[in-house]
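Remarks on the overall topology
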Amino acid sequence: MATSQILRRAPFTIGQSSVFIENSLKYLRSLSTAASVETPPSNGGGVVKPKRKKKKNLFEVAQFLPNWGIGYHMAKTHWRGVTYEITKINLYKDGRHGKAWGVAFKDGVPAADAPKKISGVHKRCWKYIPNLKKIQATAPANVPPTV
């Protein structure tokens, strides 16, 4: 009932009002496209910047290694010649935080005999060192055959 009263009082019909709305929207679009012609195109053919890769903390790197990276070498990205061989990891429930211990290596030589707690494990700058991976003793080397 209320709509019929509004339609009777309206100076033009619904069809005419929709044409009016369409024309006003076209006018607004033409104004917005005229302004964008002056500025260079953002993603429409210009150089697209690559998305920055989120760096990982020690646990996010270790989760993809066997046995959570125990026995593997990891280092911070800005370290040169220094790595840690992971010996122990205590994970919190979320799997992305915790504590880690390891033996420090400098230029491939152990810097200490005993493992120590690794500091800065939650900082997002850790990487896996693949060429120093876990050494598995499958057979003793240079053993003379027994006769």
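A brief look at the structure comes next. The structure displayed is predicted, hence computed values, not measured ones.

Looking at the overall build of the chain
The secondary structure content of the chain amounts to 3 helices and 6 strands. Its helices and strands in sequence order give the chain the pattern α-α-α-β-β-β-β-β-β, from N to C terminus. Expressed as a percentage of the 147 residues in the chain, the buried residues total 21%. When contacts within the chain are restricted to residue pairs at least 6 apart in sequence, long-range pairs at least 24 apart make up 47% of them. With an accessible surface of roughly 11900 Å², the chain has 59% of that area assigned to carbon and sulfur atoms.

So, the packing of aromatic side chains
Considering all chains together, one arrives at 3 aromatic pairs under this definition. Seen in terms of ring centroids, Trp-79 and Tyr-84 are 5.9 Å apart; in terms of plane orientation they differ by 45°. Their pairing is tilted. Aromatic pair Trp-79 and Trp-126: ring centres 5.6 Å apart, planes at 75°, arrangement edge-to-face. Taken as a pair, Trp-79 in the loop between β1 (73-76) and β2 (82-91) and Trp-126 in strand β6 (residues 126-128) lie far apart in primary sequence, 47 residues in all. The exposure class of Trp-79 is partly exposed, given its relative accessible area of 22%. Clustering of aromatic rings is evident, with ring pairs tying together Trp-79, Tyr-84 and Trp-126.

Some points on the nonpolar core
Most often, soluble globular proteins have nonpolar side chains that are buried together. Among the nonpolar cores identified, the biggest contains 15 residues, and Leu-58, Met-74, Ala-100 and Ile-118 are the most heavily contacted of them. When residues of this core are traced back to their parent elements, those giving at least two are α3 (58-62), β2 and β3 (98-106). The element best represented in this core is α3, accounting for 4 residues. For Ile-118, the residues in contact, after removing those within four places along its chain, are Tyr-84, Ile-86, Ala-100, Trp-101, Gly-102 and Trp-126.

Each value, and the rule that gives it
- Residues numbered from 1 in each chain as written.
- Predicted model: local features only at pLDDT ≥ 70, side-chain atom pairs only at ≥ 80, totals over all residues.
- Heavy atoms only, no water.
- Helix = DSSP H or I, 4+ residues; strand = E, 2+ residues; numbered from the N terminus.
- Buried < 20%, exposed > 50% of the residue type's maximum accessible area, 1.4 Å probe, protein only.
- Contact = heavy atoms within 4.5 Å.
- Areas by Shrake-Rupley, 256 points an atom, 1.4 Å probe, with all protein chains shown as cover.
- Phe/Tyr/Trp six-rings, centres within 6.5 Å; stacked < 30°, edge-to-face > 60°.
- Core = buried A, V, L, I, M, F, W, Y, C linked by side-chain atoms within 4.5 Å.

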